[in-house]
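Analysis of the macromolecular model
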Amino acid sequence: MARTVFVNGEYLPESEGKVSIFDRGFLFADGVYEVSAVVNGKLVDYPAHMERLGRSLAELRMDWPCTREALDAMHAELIRRNSLSEGIIYMQVTRGAADRAFNFPKDKVKPTLIAFTQPMKLVDNPNAITGVKVVTTPDLRWARRDIKTVMLLASVLGKQEAYEKGCHEAWMVEDGFVTEGTSSNAYIVKDGKLITRGLSNEILAGCTRRALFRLAKEEGVEIVERKFTVEEAYAADEACLTSASQFVMPIVEIDGHRIGGGQPGPVVRKLRELFLAEAGA
């Protein structure tokens, strides 16, 4: 059965979902997005995603496409219409359609809002059992990585490099330090401490990261927010990544260096269990 998608106020068969060729998201990547996980038909960390959406819109001086209540209703309706039990909802907001010019449109235009569902295994993801491999790659992105924009070409190139090398993810590196993954936040564990880069314009403030911090503190796991080098990552006891579609994912190899003997470690396994429990798995 074809998916039902949402395009500018309408629920449509996916084959009928269309936006203007003049949309600034298409022409300039002038837009933002959010991905929310769904487990047992319920949204996971949804308020945090909406909070981050508001921040991204404000940073780009974009209007909300509709009320928060309407966005809530849209997510619920997409889950219902697509009978989505487990997977994600992707939503995107652009500045709208106008004649091509780099500056913002002089006349007020209506933002474009689209959303769709994507079923996937989040809870029983086989990668969580074996752990995944990552490679490092130069961070080629712009200086405002804290805004969740649709400008993702550098991440696409990094992810493709990882796939071509038989790996799951690429960790981007700047001045010798790991920033984050192409679509995830990056962590290492050393002597029982969870180490990850602090929030700034250099990385995205992950919603799963935020939840993980709270769960780790409740579990008594010390969190150290600082930069770490690629060499530190090679020597880590454990490593992991987080994202809305992967939750807490163990990493067992970085650039061919085995981490933790090549097996998911106890700290990361425990944190994943805690996150799954909170997600209602």
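Refer to the structure printed above.
Residues numbered from 1 in each chain as written. Predicted model: local features only at pLDDT ≥ 70, side-chain atom pairs only at ≥ 80, totals over all residues. Heavy atoms only, no water.

1. Some words on the nonpolar core
What counts here: Nonpolar cores were defined as sets of buried Ala, Val, Leu, Ile, Met, Phe, Trp, Tyr and Cys residues, with membership established by side-chain atoms within 4.5 Å. Burial here depends on accessible area, computed with a 1.4 Å probe over protein chains only, as a share of the maximum for the residue type. Under 20% is buried, over 50% is exposed, and the range in between is partly exposed. The secondary structure listing takes helices from DSSP runs of H or I that are at least 4 residues long and strands from runs of E that are at least 2 residues long, numbered from the N terminus. Working rule for contacts: check all heavy atoms of both residues, and any pair within 4.5 Å makes them a contact.
By size, the foremost hydrophobic cluster in this structure holds 24 residues, and its most contacted members are L194, F247, V248, L271 and F275. Of all elements in the fold, only β3 (31–39), β10 (185–190), α6 (207–219), β14 (247–254) and α8 (266–278) reach the threshold of two or more residues within this core. Excluding its chain neighbours within four sequence positions, the residues that come into contact with L271 are L194, L212, A216 and V248. Grouped together as the second largest cluster of nonpolar side chains are 20 residues, V32, L78, V93 and A115 included.

2. Considerations on the state of the cysteines
Disulfides are covalent bonds that connect the sulfur atoms of two cysteines. The following threshold applies: Note on disulfides: each one is a pair of cysteine sulfur atoms within 2.5 Å.
Using the criterion set out here, one finds zero disulfides in the structure. Unpaired in terms of disulfides, C207 finds its nearest cysteine sulfur in C240, a separation of 16 Å. Residue classification places C207 among the buried residues on the basis of a relative accessible area of 6%.

3. Quick notes on helix α5 (residues 153–164)
Inclusion rule: What a helix should span is 1.5 Å times the count of its residues minus one. The directions considered for the arc are those from the helix axis to the C-beta atoms.
With twelve residues, α5 should reach 16 Å at 1.5 Å per residue; the first-to-last C-alpha distance of 16 Å fits that figure. Those residues of α5 that fall on the buried side of the exposure criterion are S155, G158, K159 and A162. Buried residues along α5 cover an arc of 95° about the axis, so they all sit on one side. The exposed residues of α5 that point more than 90 degrees off its buried face are L153, L157 and E164. Taken from the residues just after α5, G166 is the one with a positive phi, measuring 75°.

4. Describing the sheet that holds strand β4 (residues 42–44)
This is how it is decided: Two strands pair under a simple rule: DSSP has to find at least two bridges between them. Note on definitions: angles span 0 to 180 degrees between N-to-C directions of axes, and those axes are lines fitted to C-alpha atoms, for helices only across the stretch in contact.
Strand order in this open sheet of six strands is β2-β1-β6-β5-β3-β4, and the pairing throughout is antiparallel. Only two strands of the sheet have a single partner each, and these edge strands are β2 (10–13) and β4. Here the average twist between neighbouring strands, direction ignored, is 30°. Pairing analysis gives eight bridges linking strand β5 (residues 86–94) to strand β6 (residues 112–119), with the strands arranged antiparallel. Along β6, the bridge assignment pairs T94 with T112. The sheet strands contacting helix α2 (residues 46–59) are β3, β4 and β5, and the helix crosses β3 at an angle near 180°.

5. Things to note about a nonpolar patch on the surface
Worth spelling out the cut-off: Excluding any residue in a salt bridge, patches collect residues exceeding 30% relative accessible area, merging like charges within 9 Å and nonpolar Val, Leu, Ile, Met, Phe, Trp and Tyr side chains within 5 Å. Surface exposure here means Shrake-Rupley accessible area, sampled with a 1.4 Å probe, where a residue is shielded only by the protein chains that are shown. The working definition used for a salt bridge is a side-chain nitrogen of Lys or Arg within 4 Å of a carboxyl oxygen of Asp or Glu.
There is a patch of nonpolar side chains on the surface, built from L152, L153, V156 and L157 and spanning about 370 Å² of accessible area. Inspection of the secondary structure assignment puts V156 in helix α5. By relative accessible area, V156 is classed as partly exposed at 48%.

6. Notes on the packing of α2 against helix α3 (residues 68–81)
Put simply, the rule is: For this classification, under 35 degrees means roughly parallel, over 145 means roughly antiparallel, 65 to 115 means roughly perpendicular, and everything else is oblique. Crossings are assigned a handedness: left-handed for a near helix turned anticlockwise from the far helix by less than a right angle, right-handed for a clockwise turn. Classes in brief: Ala, Val, Leu, Ile, Met, Phe, Trp, Tyr, Cys and Pro nonpolar; Asp, Glu, Lys and Arg charged; the others, Gly included, polar.
Contact geometry of α2 with α3 gives a least axis separation of 12 Å together with a crossing angle of 135°. One way to sum up the angle between α2 and α3 is to call them oblique. You can see that α2 and α3 cross each other, and the crossing is right-handed. In contact with Y46, P47, M50 and L53 of α2, α3 contributes R68, L71, D72 and H75. The residue makeup of the contact of α2 with α3, split by class, is five nonpolar, one polar and two charged.

7. Digging into the environment of A162
Within the element layout of this structure, A162 appears in helix α5. In the structure, A162 is positioned 27 residues away from V135 in sequence and 6.0 Å away in space, judged by C-alpha atoms. Residues within four places of A162 in sequence aside, it is in contact with V135, C167, H168, E169 and A170.

Geometry only, nothing functional implied.
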